[in-house]
Amino acid sequence: MSGSHTHPLYLEGASPVHRLPPEVKILAAFVGVFAVVATPREAVWAFAGYLVILAVVWRIAGITMRWLAPRMLIEVPFVVLAVLLPFAEAGDHVTVLGLSLSEPGLWAAWNILVKGSLGVLVSLTLAATTPVRSLPAGLSRLHLPGIVVTVVTLMLRYVNLLAGEIERMRIARISRGDDPRTLHQVGATARGVGGVFLRSYERGERVHLAMLSRGFTGTVPLHAPAARRREWATALAPALSAVAIAVAAWMV
C-alpha cells in the first residue's frame, strides 16, 4: 500500500514512538488494555496510574488532548449506557445532588466509563503512531493466521474505496429526486446496500485472482527487519507498568 493510504487517525510524526516497529506497539496496546480490563473497579488510584502512563507516551509521541478529544466521541454510546445505569440498577441507593441513585449502578457506570475511555485512548494512541500500511506486517510478525492478516490487509486497502462508492451512489440517488430520509425509500436503500455488497464480492474475487497470478502464497511479504530486543523493551515498558499496577490493585 502506498503512503497515500493513511487512515484519518494517523498523526504524522517522527517521535521514538512512531519509529517503533508495529508488532511491538500492537502487543503493548493489547497487554495494556488487558491490564485495564482486569483491574478491579474499586481501585480508583490504579486508573489514575494508567492515565499517567498514557500521558507520558503522549508527551513523547507529540499527541495533544486537542487531537484526542474530538476522536473520543466514538465512545458516546458507552457514556449514555453508563449514565442510565445508576437509575436502572437495583440495590442500595445513595443521594447525589438530590437524586436517588443506585450504589451498584454507580459502580457499574464508573467501571464502564473509565475502562471504556482508557481502552479508546490506548487504541487512539496506537492508531496515531502506526501507519495503516504497516499494521498487516505487524500482525504477521505476531504469527496471526495468514487468512486473518490477508483479510485485514484487503479491508484496510479498500475500505476507503467502498466508502467512496457508497457516497457516489447516495449522491446519484439524491440527484434523481430521491429522499433517503423518508420511510417509503427503505426498499431503495436496501437495494443499494445489496448492490454494494455484490460489487464488493465481485471486486474481491477479481483482486484475489490478480494476487494469485502475481505469485501470492497466502502470507503478507515482510520487507522490514524484525524488532530488536531494545525496541521490544522500550515498547513493553509502559504495558508492563500497567500490568504491575493491575497486580498491585488486586493485592491492596
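Residues numbered from 1 in each chain as written. Predicted model: local features only at pLDDT ≥ 70, side-chain atom pairs only at ≥ 80, totals over all residues. Heavy atoms only, no water.

S.K.: Honestly, the overall build of the chain in this entry has me stumped. Any pointers?
M.R.: The number of helices and strands found in the chain is 10 helices and 2 strands. Listing every helix and strand of the chain by position from the N terminus yields α-α-α-α-α-β-β-α-α-α-α-α. The C-alpha atoms of the chain give a radius of gyration of 23 Å, which is well past the 18 Å a tight globule of 252 residues would have. Taking the principal axes of the C-alpha coordinates as reference, the chain spans close to 60 × 60 × 30 Å. Counting across all 252 residues of the chain, residues that qualify as buried make up 33%. (Helix = DSSP H or I, 4+ residues; strand = E, 2+ residues; numbered from the N terminus. Rg over C-alpha atoms; globule rule 2.2 N^0.38 Å. Buried < 20%, exposed > 50% of the residue type's maximum accessible area, 1.4 Å probe, protein only.)

S.K.: Got a minute to help me understand the packing of aromatic side chains in this structure?
M.R.: Think of a pair of aromatic rings as described by two things: how far the centres are apart, and how the planes are tilted against each other in angle. Applying the stated criterion across every chain yields a total of 2 aromatic pairs. Ring centres 6.0 Å apart and planes at 75° place the aromatic pair Phe47 and Tyr50 in the edge-to-face group. Of this pair, Phe47 and Tyr50 both sit in helix α3 (residues 44–61), 3 residues apart, which is roughly one turn of that helix. What makes Phe47 buried here is its relative accessible area of 3%. Look at Phe47 and Trp110: their rings are 5.8 Å apart centre to centre, the planes differ by 85°, and that puts the pair in the edge-to-face class. Of this pair, Phe47 sits in helix α3 while Trp110 sits in helix α6 (residues 103–129), and the two are 63 residues apart along the sequence. A connected cluster of aromatic rings, assembled from ring pairs, spans Phe47, Tyr50 and Trp110. (Phe/Tyr/Trp six-rings, centres within 6.5 Å; stacked < 30°, edge-to-face > 60°.)

S.K.: Sorry if this is basic, but what is going on with the pairing of strand β2 (residues 99–102) here?
M.R.: A regular strand places its side chains on the two faces of the sheet in alternate fashion. Of the strand pairs in this sheet, strand β1 (residues 93–96) and β2 are connected by 4 bridges, and their pairing is antiparallel. Each bridged residue has a counterpart across the sheet, and for Thr95 the counterpart in β2 is Ser100. (Pairing = 2+ DSSP bridges.)

S.K.: For this particular structure, what's the right way to read the pattern of salt bridges?
M.R.: The final tally for this structure, using the stated rule, is 3 salt bridges. Here Arg141 makes a salt bridge to Glu23, at a shortest N to O gap of 3.9 Å. Of this pair, Arg141 sits in helix α7 (residues 135–141) while Glu23 sits in helix α2 (residues 22–38); the two residues are 118 residues apart in sequence, bridging distant segments of the chain. For Arg141, a relative accessible area of 23% gives the class partly exposed. Look at Glu23 and you get buried, because its relative accessible area is 3%. The closest approach of N and O atoms between Glu231 and Arg228, which form a salt bridge, is 3.3 Å. For Arg228, a relative accessible area of 49% corresponds to the partly exposed category. (Salt bridge = Lys/Arg side-chain N within 4 Å of Asp/Glu carboxyl O.)

S.K.: Is there a simple way to explain the packing of α3 against α6 in this structure?
M.R.: Working note: a packed helix pair is described by the angle between its axes plus the distance between those axes. Put simply, α3 and α6 touch, their axes get as near as 11 Å, and they point 15° apart. The pairing of α3 with α6 is recorded here as roughly parallel in orientation. For α3 against α6, the interelement crossing comes out left-handed. In this structure, α3 uses Val44, Phe47, Tyr50, Leu51, Leu54, Val57, Trp58 and Ala61 to contact α6, whose residues at the interface are Trp110, Val114, Lys115, Leu118, Leu121, Val122, Thr125 and Thr129. Split into classes, the residues belonging to the contact of α3 with α6 amount to 13 nonpolar, 2 polar and 1 charged. (Axes fitted to C-alpha atoms, helices over the stretch in contact; angles between N-to-C directions. Parallel < 35°, antiparallel > 145°, perpendicular 65-115°, else oblique. Left-handed = near helix turned anticlockwise from the far one by under 90°. Contact = heavy atoms within 4.5 Å. Nonpolar A, V, L, I, M, F, W, Y, C, P; charged D, E, K, R; others polar.)

S.K.: Honestly, the packing of α2 against helix α10 (residues 229–251) in this entry has me stumped. Any pointers?
M.R.: Interaxial distance between α2 and α10 falls to 9 Å at its minimum, and their mutual angle equals 5°. Relative to α10, α2 is oriented roughly parallel. Taking contact as the criterion, the partners of Glu23, Val24, Leu27, Ala28, Val31, Gly32, Ala35 and Ala38 in α2 are, on α10, Glu231, Trp232, Ala235, Leu236, Ala239, Ala242, Val243, Ala246 and Trp250.

S.K.: Got a minute to help me understand the confidence of the model for the chain in this structure?
M.R.: For residues with low pLDDT, the predicted coordinates do not support detailed interpretation. Considering every residue of the chain, the mean pLDDT works out to 84; 92% of them sit at 70 or more. At the level of individual helices and strands, the chain shows its lowest average pLDDT in β1, which scores 74, and its highest in α3, which scores 96. Residue range residues 1–5 is modelled with pLDDT below 50. Its contacts to residues more than four positions away, or to other chains, number 10 contacts. (pLDDT = per-residue confidence, 0-100.)

S.K.: How should the side chain of Thr125 be read in this particular structure?
M.R.: Residue placement: Thr125 occurs in helix α6. On the basis of relative accessibility, which here comes to 7%, the residue Thr125 falls in the buried class. Those residues in contact with Thr125 that sit more than four places away from it in its chain are Leu54, Val57, Trp58 and Ile63.

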